[in-house]
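# Descriptive analysis of the structure
Listed here are the chains, written in short residue letters.
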Amino acid sequence: MRIDVVSIFPSYFDGLTLSLLGRARDSGILDLNVHDLRDWTSDRHRTVDDTPYGGGAGMVMKPEPWGLALDQLASARAGSVAEPVGPRPTIIFPSPAGEVFHQSTARELADHEHLIFGCGRYEGIDERVFEEAAELGEVRLISLGDYVLNGGEVAVMAMIEAIGRLIPGVVGNPESLVEESHEDGLLEYPSYTKPSVWRDREVPPILLSGNHGAIAAWRREQQIERTRRRRPDLLPDEG
Ligand code: SAM
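Treat the numbers as computed from the prediction; the structure is a model and nothing was measured.

### Observations regarding the nonpolar core
- The biggest cluster of nonpolar side chains holds 29 residues, and the ones touching the most others in it are I3, V5, F117, I160 and I163.
- Within the residue set of this core, elements represented by two or more residues are β1 (2-7), α1 (19-27), α3 (103-109), β8 (114-118) and α5 (153-164).
- Element by element, the count of residues in this core is highest for α5, at six residues.
- Excluding anything up to four places from it in sequence, V5 contacts F13, L32, N33, V34, H35, F117, C119, V156 and I160.
- Listed in part, the 18 residues of the second largest apolar core include I8, L37, M61 and I91.

See below:
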């Protein structure tokens, strides 16, 4: 998968050189490129924002640097810039006013060949950029949740991590991806490791029994109980 990220703070993404995603980049499974939006400005001050039409507080990101960045990155496919071949990219703008990101969104996006993320700052990006981007690929405005961040970088980091770990080969043991919270609509069961007694706290005896059927049943019960207690909205009859 190819991922391009555009931001005015590219160093936010230095963390993606670490751990599983760092290894996926080194091995070529993930072709991740981070770009500075200011590289597509042409004035001396490398300006990316301006005052909002109609008045109001804050600044808005100017359309032209975004237009040039997306033109270039969307054509970064096989073939020539004028005539790229292959599927069009999916262009994702993090936004508190977008659809909410779920595990199902991560799973869906993990199948795409080319994702472009555009990180907003200030009051956001000039609305015409989204219309223009739709000429180049499928546009998605995606929210991390119902709160407001200062910029899209943290949201994009979270999305890339959730999507990246679902790309085949990124997580060593693919079975560990199945038994996770949200994969089957429930939260995960509690996990324990050695020692079996720690500070007088015992591991539930069933986990030491060696009875795989009983362990699976206990884990399922725990999933349902934990989901009912912490996230009743996830249970169809109680949401
Ligand atoms: N004025 C915008 C609004 O009310 O919808 C909020 C702008 S916010 C201060 C600046 C940028 O942070 C946004 O353009 C977006 O990229 C990012 N952002 C903020 N909250 C977010 C969230 N919950 N999910 C995803 N991105 C978010």
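Moving on, there is more to tell.
### So, the sheet that holds β1
- Taken together, the five strands give an open sheet; going across it, the order is β2-β1-β8-β7-β9, and neighbouring strands pair in parallel fashion. A single partner strand is all that each edge strand has here, and the edge strands are β2 (31-36) and β9 (138-143). For this sheet, the mean inter-axis angle between neighbouring strands, taken without regard to orientation, is 30°.
- Across six bridges, β1 lies against β2 in parallel orientation. Counted as the bridge partner of V6 is H35 from β2.

### Structural notes on a nonpolar patch on the surface
- Where nonpolar side chains cluster on the molecular surface, the patch consists of F9, Y12, Y147, L149 and V154 and spans about 460 Å² of accessible area.
- By the secondary structure assignment, F9 is in the loop between β1 and α1.

### Remarks on the site of the ligand
- Neighbouring residues of the ligand: 18 residues in total, closest P94, L144, G145, Y147 and L149.
- In the complex, 81% of the free accessible area of the ligand, which totals 580 Å², lies under the protein chains.
- Secondary structure elements with two or more residues in the shell around the ligand: β7 (90-100) and β9.
- With three residues, the single largest contributor to the shell around the ligand is β7.
- For the shell around the ligand, a count of residues per class yields nine nonpolar, eight polar and one charged.

### Topic: the pairing of β7
- Direction of pairing for β7 relative to β8: parallel, over a ladder of three bridges. Among the inter-strand pairings, I92 is bridged to a residue of β8, identified as F117.
- Regarding the hand of the β-α-β motif, the stretch spanning β7, α3 and β8 is right-handed.
- For β7 and β9, the ladder comprises seven bridges, and the chain directions are parallel. Across the sheet, F93 pairs through a bridge with L141, a residue of β9.

### Description of the pattern of salt bridges
- Enumeration according to the criterion identifies 13 salt bridges in this entry.
- Residue R46 pairs with D39 through a salt bridge whose shortest N-O separation is 3.5 Å.
- Between R220 and D184 there is a salt bridge, and its shortest N-O distance comes to 3.0 Å. Taken together, the residues span a long stretch of sequence, with R220 in helix α6 (residues 212-230) and D184 in the loop between α5 and β10 (197-198) at a distance of 36 residues.
- Among the residues examined, R220 registers a relative accessible area of 41% and is labelled partly exposed.
- Its relative accessible area of 40% is what places D184 among the partly exposed residues.
- In the salt-bridge network here, residues are joined through shared partners; they are E99, E108, E138 and R140.

Quick notes on the rules
- Residues numbered from 1 in each chain as written.
- Predicted model: local features only at pLDDT ≥ 70, side-chain atom pairs only at ≥ 80, totals over all residues.
- Heavy atoms only, no water.
- Core = buried A, V, L, I, M, F, W, Y, C linked by side-chain atoms within 4.5 Å.
- Buried < 20%, exposed > 50% of the residue type's maximum accessible area, 1.4 Å probe, protein only.
- Helix = DSSP H or I, 4+ residues; strand = E, 2+ residues; numbered from the N terminus.
- Contact = heavy atoms within 4.5 Å.
- Pairing = 2+ DSSP bridges.
- Axes fitted to C-alpha atoms, helices over the stretch in contact; angles between N-to-C directions.
- Patch = residues over 30% accessible without salt bridge, like charges linked within 9 Å, V, L, I, M, F, W, Y side chains within 5 Å.
- Areas by Shrake-Rupley, 256 points an atom, 1.4 Å probe, with all protein chains shown as cover.
- Salt bridge = Lys/Arg side-chain N within 4 Å of Asp/Glu carboxyl O.
- Near = heavy atom within 4 Å.
- Nonpolar A, V, L, I, M, F, W, Y, C, P; charged D, E, K, R; others polar.
- Right-handed = clockwise from strand over helix to strand, strands pointing away.

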